[in-house]
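Residue-level listing of the chains:
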Amino acid sequence: RICYESPITEFFNIYCRAYLVEDLKDKNQKKYALVYDQNMPIRLEVINTLKKTLYSNFITPIDAQITKISLTSKNHLVVILPYIEGLTPFEEYIKSYGPMSEDSVIKNVISPICNILKNLGNLGITHGSINHRTCFFTQDGKIVVGECISSPCGFFQEDLYEPIERVGLLPIGKGEG
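Bear in mind that the values here come from a model prediction, so they are computed numbers and not experimental data.

Undergrad: Got a sec to walk through the overall build of the protein chain? Specific residues and values, please.
TA: Looking only at helices and strands, the protein chain features three helices and eight strands. Helices and strands in the protein chain line up, N terminus first, as β-β-β-α-β-β-β-α-α-β-β. Relative to the globule expectation of 16 Å for 177 residues, the C-alpha radius of gyration of the protein chain, 17 Å, shows essentially globular dimensions. The C-alpha extent of the protein chain, read off along each of the three principal axes, is 50 × 40 × 30 Å. Residue burial in the protein chain is summarised as follows: out of 177 residues, 41% are buried. A separation of at least 24 residues holds for 57% of the contacts in the protein chain among residues at least 6 apart in sequence. When the accessible surface of the protein chain is summed, it comes to about 10,500 Å², and 54% of that surface belongs to carbon and sulfur atoms. Distance from the positive charge centre (18 side chains) to the negative charge centre (20 side chains) of the protein chain: 6 Å.

Here's what the structure looks like:
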């Protein structure tokens, strides 16, 4: 059941809205739903591919389907993802714990993100949105990379985080990823 009374506004964008989900079968695992706008492009192939994979430090879809939404009385794509409690945004983590040593950054940030990118690359997927706003730390200091399906590849990515060949491109012209 999608809990429209529990929006997760920090996950909202022009492509979709996010809400907590009450799983009537498994009350132990928290989840949230991305409810997509009907008129926006969707990374459907990426969603379907990632549903078949599981990463401990990357948020991937559990399920996806077209569903009639009570808010609009229309059919929308709804994607269910795990909701991990206690995640601290990257910037907040650094403010709370101070700067990380070079070795710590390599071991706890760069290496896990490189593994995610390698695994995604093997699947033919580009994340396109890894930055300080989409990376989080668990309570035990492990990095978690946010989902890459709520908008087209790189649509909201700032030039600072883009490879040089993508700097200055219009967001919609960055490709499918």
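Here the narrative resumes.
Undergrad: I'd like a rundown of the packing of aromatic side chains, residues and numbers included.
TA: Summed over all chains, the structure comprises 11 aromatic pairs. These aromatic residues form a ring-pair network of at least three members: Phe90, Tyr93, Tyr97 and Phe137.

Undergrad: Tell me what's going on with the sheet that holds strand β2 (residues 16-21), and back it up with residues and numbers.
TA: Across the sheet, which stays open at both edges, the five strands sit in the order β1-β2-β3-β5-β4 with antiparallel pairing between neighbours. Of all the strands in the sheet, just β1 (2-7) and β4 (63-69) have a single pairing partner and so form its edges. Strand after strand, the sheet turns through a mean of 45 degrees between neighbouring axes, direction not considered.

Undergrad: Lay out the environment of isoleucine 106 in plain terms, naming residues and giving numbers.
TA: Among the secondary structure elements, isoleucine 106 is positioned in helix α3 (residues 102-122). The sequence separation of isoleucine 106 and asparagine 122 amounts to 16 residues, and the corresponding C-alpha distance is 22 Å.

Undergrad: Before we move on, could you go through the nonpolar core and cite the residues and values that matter?
TA: Of all hydrophobic cores here, the largest spans 30 residues; its most connected members are Leu34, Tyr36, Leu50, Phe58, Val79 and Ile149. Where this core is concerned, the elements lending two or more residues are β2, β3 (31-36), α1 (44-50), β5 (74-82), α3, β7 (135-137) and β8 (143-145). Judged by nonpolar contacts, the second largest core, of eight residues, contains Ile2, Val35, Val78 and Ile80.

Undergrad: Which residues make up the sheet that holds β8, and what values go with them?
TA: Strand order in the open sheet made by the three strands is β6-β7-β8, with antiparallel pairing throughout. Edge positions in the open sheet fall to β6 (88-89) and β8, since each of these has one partner strand only. The pairing of β6 with β7 spans two bridges and is antiparallel. Bridging from a neighbouring strand, threonine 88 pairs with phenylalanine 137 of β7. Along the sheet, α3 makes contact with β7 and β8, crossing β8 at roughly 35 degrees.

Undergrad: Lay out the side chain of threonine 60 in plain terms, naming residues and giving numbers.
TA: In this structure, threonine 60 sits in the loop between α1 and β4. When neighbours within four sequence positions are excluded, threonine 60 is seen to be in contact with Leu50, Thr53, Leu54, Tyr55, Leu81 and Pro82.

What counts, and where the lines are drawn
Residues numbered from 1 in each chain as written. Predicted model: local features only at pLDDT ≥ 70, side-chain atom pairs only at ≥ 80, totals over all residues. Heavy atoms only, no water. Helix = DSSP H or I, 4+ residues; strand = E, 2+ residues; numbered from the N terminus. Rg over C-alpha atoms; globule rule 2.2 N^0.38 Å. Buried < 20%, exposed > 50% of the residue type's maximum accessible area, 1.4 Å probe, protein only. Contact = heavy atoms within 4.5 Å. Areas by Shrake-Rupley, 256 points an atom, 1.4 Å probe, with all protein chains shown as cover. Lys, Arg positive; Asp, Glu negative; His and termini not counted. Charge placed at Lys NZ, Arg CZ, Asp CG, Glu CD. Phe/Tyr/Trp six-rings, centres within 6.5 Å; stacked < 30°, edge-to-face > 60°. Pairing = 2+ DSSP bridges. Axes fitted to C-alpha atoms, helices over the stretch in contact; angles between N-to-C directions. Core = buried A, V, L, I, M, F, W, Y, C linked by side-chain atoms within 4.5 Å.

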